[in-house]
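Below are the chains, spelled out letter by letter.
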Amino acid sequence: MKVNLGGIVDISTIDWYGKSAMVVFFNGCPFRCPYCQNYKLLDKVNFVDIEEVEKKILESKSFISSIVFSGGEATMQFDALEYLAKFAKDLGLLVGIETNGYYPDRLESLINKRLVDKIFLDIKAPLDDYGEYHMLTGLKDAAPRVYESLRLVLPNGSPMEVR
C-alpha cells in the first residue's frame, strides 16, 4: 500500500498536550482555507510505501506514547490511515486524528473500530453560518458535514479537542 506522505515529526510535545507524540502528515485536503498553515500539503504528491512509515514509527516507539495523524486532511487517505492507526494501536500507542471533520463517515468508522483515542477537530467558522464556512473552505457542503462529525464525537465519549 502507498501513502501520500507530507512528512513526519519524530517527537512532538505540543500536538497532544501531556503526551510525547509522533506526527504523521498526509498530503491532500478538500478545503482551500486562505489562512492554512499547511498549504504546502494541499496538492503535494509524495507516494511512499506504507512500510516506510511503519519503520519510522518503530524507530520512535521507545520515545513516544502516541501518534497524531494530521495533514492536509488525513481522512482523505482512509485506507492508509486505518491501516496505520491499527498498526500503532497494535504497538500499544495512543492514536489521535487531527481533522477538519469533512468526512464524518470515516471518523465514525475509526471510532467504531476503536482505532482512535482522541480527535482534534479543527472548526474553521461558526457551524450555523454555512455561507462563511463555504467562503473559508471553498466547499458548499462543509459546515453540515463538520457539524455531523462533531455530533458523532460528542455523545460517544471519545476525547476531543476543538481547535
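Note that the coordinates shown come from a computational prediction; the quantities given were computed from them, not determined experimentally. (Residues numbered from 1 in each chain as written. Predicted model: local features only at pLDDT ≥ 70, side-chain atom pairs only at ≥ 80, totals over all residues. Heavy atoms only, no water.)

(A) Structural context of the overall build of the protein. Within the protein one finds five helices and seven strands. Starting at the N terminus and ending at the C terminus, the protein contains elements arranged as β-β-β-α-β-α-β-α-β-α-α-β. A compact globule built from 163 residues would reach a C-alpha radius of gyration of about 15 Å, and the protein, at 15 Å, matches this within 12%. Each of the three principal axes of the protein carries a C-alpha extent, and together these read 45 × 35 × 25 Å. (Helix = DSSP H or I, 4+ residues; strand = E, 2+ residues; numbered from the N terminus. Rg over C-alpha atoms; globule rule 2.2 N^0.38 Å.)

(B) Region of the structure containing the packing of helix α2 (residues 78-90) against helix α3 (residues 104-112). For the pair α2 and α3, interaxial distance at closest approach is 11 Å and the crossing angle is 20°. As the angle between them shows, α2 and α3 are arranged roughly parallel. Pair α2 / α3 crosses with right-handed handedness. Note on element contacts: α3 touches α2 through Arg 106, Ser 109 and Leu 110, opposite Phe 78, Leu 81 and Glu 82. Across the contact of α2 with α3, the residue classes tally to three nonpolar, one polar and two charged. (Axes fitted to C-alpha atoms, helices over the stretch in contact; angles between N-to-C directions. Parallel < 35°, antiparallel > 145°, perpendicular 65-115°, else oblique. Left-handed = near helix turned anticlockwise from the far one by under 90°. Contact = heavy atoms within 4.5 Å. Nonpolar A, V, L, I, M, F, W, Y, C, P; charged D, E, K, R; others polar.)

(C) Region of the structure containing helix α4 (residues 130-137). When α4 is considered as a whole, its buried residues turn out to be Tyr 133, Leu 136 and Thr 137. In a view along the axis of α4, the buried residues occupy a sector of 85°, so they form one face of it. Immediately beyond the C-terminal end of α4, within one or two residues, lies Gly 138, with a positive phi of roughly 85°. (Buried < 20%, exposed > 50% of the residue type's maximum accessible area, 1.4 Å probe, protein only. Arc of directions from axis to C-beta.)

(D) Layout of the sheet that holds strand β7 (residues 160-162). Taken together, the seven strands give an open sheet; going across it, the order is β3-β1-β2-β4-β5-β6-β7, and neighbouring strands pair in mixed fashion. Edge positions in the sheet fall to β3 (47-49) and β7, since each of these pairs with one other strand and no more. Mean inter-strand twist for the sheet, computed between neighbouring axes without regard to direction, equals 30°. Pairing between strand β4 (residues 66-71) and strand β5 (residues 94-99): four bridges, direction parallel. Following the sheet pairing, Ile 67 is matched in β5 by Val 95. (Pairing = 2+ DSSP bridges.)

(E) Spotlight on α3. Buried within α3 are the following residues: Pro 104, Leu 107, Ser 109, Leu 110 and Ile 111. Following α3 by one or two positions, Arg 114 adopts a phi angle in the positive range, close to 55°.

(F) Just the side chain of Thr 137, in detail. Within the secondary structure, Thr 137 sits in helix α4. At 2.8 Å, the side chain of Thr 137 and the backbone oxygen of Tyr 133 are in polar contact. If sequence neighbours within four positions are ignored, Thr 137 has contacts with Pro 30, Phe 31, Arg 32, Cys 33, Lys 124 and Ala 142. (Polar contact = N/O pair within 3.5 Å; in protein donor to acceptor, adjacent residues only side chain to side chain.)

(G) Up close: the pattern of salt bridges. Considering all chains together, one arrives at 12 salt bridges under this definition. Salt-bridge contacts for Asp 117 lead to Lys 89; the nearest nitrogen and oxygen are separated by 2.8 Å. Here the residue Asp 117 occupies a position in the loop between α3 and β6 (118-121), and Lys 89 occupies one in helix α2, the gap between them amounting to 28 residues. On the basis of relative accessible area, Asp 117 is assigned to the partly exposed category, the value being 21%. Close ionic contact of Glu 98 with Arg 163 constitutes a salt bridge, the shortest N to O distance being 2.5 Å. One end of the pair, Glu 98, is in strand β5; the other, Arg 163, is in the segment after β7, with 65 residues separating them in the sequence. Residue class for Glu 98 comes out buried when judged on its relative accessible area of 12%. Given a relative accessible area of 32%, Arg 163 falls into the partly exposed group. (Salt bridge = Lys/Arg side-chain N within 4 Å of Asp/Glu carboxyl O.)

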